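# Structure assessment
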Amino acid sequence: MVQDLIRDSTVGQIINYVSGGRLLLYPEQRPEYVVPNRFLLPSAQRRPVDSSASDAATLCGEAPSEKTNTPASLPDTEMKRESTIATLAADAESQKKVLAEEEVIPDPYLVDWDGDSDSENPRNWSFRKRAFVAFEISLLTFSIYIGSAIYTSSIPGLMAEFNVSLTTATLGLTLYVLAYGIGPMFLSPLQELPILGRNPVYMATLFLFVIFQIPIVTATNMRTVLAMRFLTGFFGSPALATGGASMGDIFPPSQLAYVLGVWALGAVSGPVLGPVIGAFAAEAKGWRWPMMELLWITSFSIVFLSLFLPETYGPTILVRRAQRLRKLTGNAELRTAAEREQESQTAGSIMFESLARPILLAKEPVLAFANIFLGFVYAIFYLWFEAFPLVFNDIYHFSEGNSGLPFLGFLVSGAITYTVYCLYQKYHIAPRFARAAAQNTELAPEIRLEIGLIASIFIPTSVLIFGFASRPSVHWIVPIIGAALYLPGIFLNFQSVLMYITSAYPAHAASVLAGNDLFRSTIASVFPLFGRSFFEGLGLGPGSALLAGISVALMVVFWMLLKYGHVLRQRSKYAHSP
């Protein structure tokens, strides 16, 4: 397993390419590999395979003992490859006749998986390998997400050193969140291109993230900090936007809800642990040290993932297989289904799907509500980073380092929430889908909204407890518990609403998710700018009551969507209506 992980990683791909296929070999490059006859051109049409192609790919069958017309400098193994390919190609027409009698191959030059048990198919990997890759994807997401909240520990130091206002210093958080909402519109479509896949985009953007983090650590003015914060958010966005898609590459649909829950919990852990890690560093060493911690975390991630994170996108794995087979056989007609489909696409159509369609789909009533609702829920989550210093520093007089510890309450409630979510999936949702499959019927996507509506009650409950319990006469554990109750609301609503909109718009799932990411990040990025003024002007209690009132109003719309969502889908030309 370890050798395969290294071979399929970014570093492994480079080693395999530079060595001409001699190191970290793929099956098609091993001596015992025999090319399927259907991939070979008849000898009259076959183009000669040059020596570099022979070096990059290997083939072995019943090779003839004679070595004619072969340079003496070539190894005996390579001469056998050439002789074997020539012999097989010469007999290709007769062999194809035999194959035609045994089985009908409608498209003999289509490169696909070698049956349902192909070990190169990510969904056929062992559970240990898939679990390890899932951990790596979660680590990548965590490394980027922690960058949003760890910055909040640096805000007081930035204000003091550069003599800027709280609003100006908070722009570093706003621009980061805004940028990782904009980034997927441009970067995520690249990961859907079979010629690239997930890994090159992940690693290239993570490398740029690390590079642009250095000017923040060494900044001599606030403008540099703000500009680099936007760029790091932009280039960190693929990990946040397509981490779930990478999970879907390696796990079957029946297990996807569980692993997406783990990935989402890991993503939430980033902003939650950011203030915990950063606060002590800022208190001891100043504002630059939380930024240095972020640099260390992402630097470790890029080294570790470059060595051990394999490509998970199936079409890309097949394209690389087709490239090796084309080099090995000289048959330029060998293509994957994705390559053939891509030949019919234009750059304009790709740009439209990635940039224009998410905006156009946002006008759909179902998606408009999903964007507004999740944007509001997400925005309140980022308001906690402004409210916590007011409560635990000003009211309960926590030190700067200890002021981040209350965020750990989110981890406790998150673990409990995920356990409940798994039980809900196993004992309530899965049996309903099984019964529907047995009856050959299809369940309406609105069933995904049920748990979200129930969980919505946690949002007003949480903010009300936090707002009205935050006073010197009440123990500090009470507002911590109140804040922790927000996690079930945001976690289950995200799982519920995102599963619903992708089920309701399956043909446009990528555009739907990209649009939602853009809108919710835009809304959430603005709230921290006025968060402190909002709570200081209205008071913690009244301010929380206003937020709770808005969330209750949105719950009513949520219920209406659950009840009448099928009507809206039937009227839409984009939605799926079972």
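Residues numbered from 1 in each chain as written. Predicted model: local features only at pLDDT ≥ 70, side-chain atom pairs only at ≥ 80, totals over all residues. Heavy atoms only, no water.

We apply this condition: UniProt positions are given in the numbering used here, feature names are shortened, and annotations may be inferred rather than shown by experiment.
By the naming in an unreviewed UniProt entry, the chain goes by MFS general substrate transporter and is assigned to Favolaschia claudopus. The record in UniProt for the chain states the following under Subcellular location (unreviewed entry): "Membrane".

## Remarks on the environment of Ala379
Here is the rule: Labels follow the DSSP assignment, with helices taken as runs of H or I lasting at least four residues and strands as runs of E lasting at least two, numbered in each case from the N terminus. Contacts are assigned to residue pairs with any non-hydrogen atoms lying within 4.5 Å of each other.
By the element assignment, Ala379 lies in helix H16 (residues 365-395). Between the alpha carbons of Ala379 and Thr522 there is a distance of 9.1 Å; along the sequence they are 143 residues apart. With residues near it in sequence (within four places) discarded, Ala379 still touches Ile523, Ala524 and Phe527.

## Quick word on the packing of helix H8 (residues 166-191) against helix H22 (residues 509-538)
Spelled out, the test is: Axes here refer to lines fitted to C-alpha atoms; in helices the fit is confined to the stretch in contact. Angles between the N-to-C directions go from 0 to 180 degrees. Roughly parallel refers to an angle under 35 degrees, roughly antiparallel to one over 145, roughly perpendicular to one between 65 and 115, and oblique to any angle outside these ranges.
Relative orientation of the contacting elements H8 and H22 amounts to 175 degrees, with a least axis distance of 8 Å. Classed by the angle they form, the pair H8 and H22 counts as roughly antiparallel.

## Side note on H16
How we decide: By definition here, a helix of n residues has an expected span of 1.5 Å times n minus one. Classification of residues uses two cut-offs on accessible area relative to the type maximum, computed with a 1.4 Å probe and protein chains only: under 20% is buried, over 50% is exposed, and between them is partly exposed.
Here H16 contains 31 residues, and its C-alpha end-to-end distance of 43 Å stays within 8% of the 45 Å for a straight helix at 1.5 Å per residue. Across the 31 residues of H16, 24 count as buried, placing the element largely inside the fold. Positioned one or two residues after H16, His397 has a phi angle of 60 degrees, which is positive.

## Section: the environment of Arg321
Keep this limit in mind: Identification of polar contacts relies on pairs of N or O atoms within 3.5 Å, with a donor-acceptor requirement for protein atoms, meaning one able to donate a hydrogen and the other able to accept it, and with residues adjacent in sequence counted only if both atoms are side-chain atoms.
Its place among the elements puts Arg321 in helix H13 (residues 314-329). Remark: the alpha-carbon pair of Arg321 and Glu28, spanning 293 residues in sequence, is separated by 7.8 Å. Other than its neighbours up to four places away in sequence, Arg321 contacts Glu28, Val111, Asp112, Trp113, Asp114, Asp118 and Glu120. At a separation of 3.2 Å, a polar atom in the side chain of Arg321 contacts the side chain of Glu28.

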